[in-house]
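Structural overview for review
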Amino acid sequence: MDLASIYYLGVTIGLFLIFAAIVARTYSKKYKARGEEPKYRMMDDEHPKETDKGGRDVRRK
């Protein structure tokens, strides 16, 4: 193996390890609750608040 092949193999293995770390962190139970927060926050924004005026859509159709 020449130097370029070793470098290419090293970069490939390095990128694979970074990818594996991202996947492991994404599917980790420790970070699952924090990862789901934006989804539930967005869903809460869809429902009208008690202070809103009946949830009327003010956009013109």
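Thresholds applied
Residues numbered from 1 in each chain as written. Predicted model: local features only at pLDDT ≥ 70, side-chain atom pairs only at ≥ 80, totals over all residues. Heavy atoms only, no water. Helix = DSSP H or I, 4+ residues; strand = E, 2+ residues; numbered from the N terminus. Buried < 20%, exposed > 50% of the residue type's maximum accessible area, 1.4 Å probe, protein only. Areas by Shrake-Rupley, 256 points an atom, 1.4 Å probe, with all protein chains shown as cover. Patch = residues over 30% accessible without salt bridge, like charges linked within 9 Å, V, L, I, M, F, W, Y side chains within 5 Å. Salt bridge = Lys/Arg side-chain N within 4 Å of Asp/Glu carboxyl O. UniProt positions renumbered as here; feature names shortened; annotations may be inferred.

**Remarks on the overall build of the protein**
Summing up its helical and strand segments, the protein has 2 helices and 0 strands in all. For the protein, buried positions account for 0% of its 61 residues. Counting only carbon and sulfur atoms, one obtains 61% of the accessible surface of the protein, whose full area is about 6500 Å².

**As for a nonpolar patch on the surface**
Together, Met1, Ile6, Leu9, Ile13, Phe16, Leu17, Phe19, Val23 and Tyr27 line one region of the surface with nonpolar side chains, adding up to about 1000 Å² of accessible area. In this fold, Ile6 is placed in helix H1 (residues 3-26). Classification of Ile6 as partly exposed rests on a relative accessible area of 45%.

**Quick notes on the UniProt feature "transmembrane region" (unreviewed entry) in the protein**
Mapped onto this numbering, the UniProt entry annotates "transmembrane region" (unreviewed entry) at residues 6-24. Between the C-alpha atoms that bound residues 6-24 the distance is 27 Å, and the span itself is 100% helix and 0% strand.

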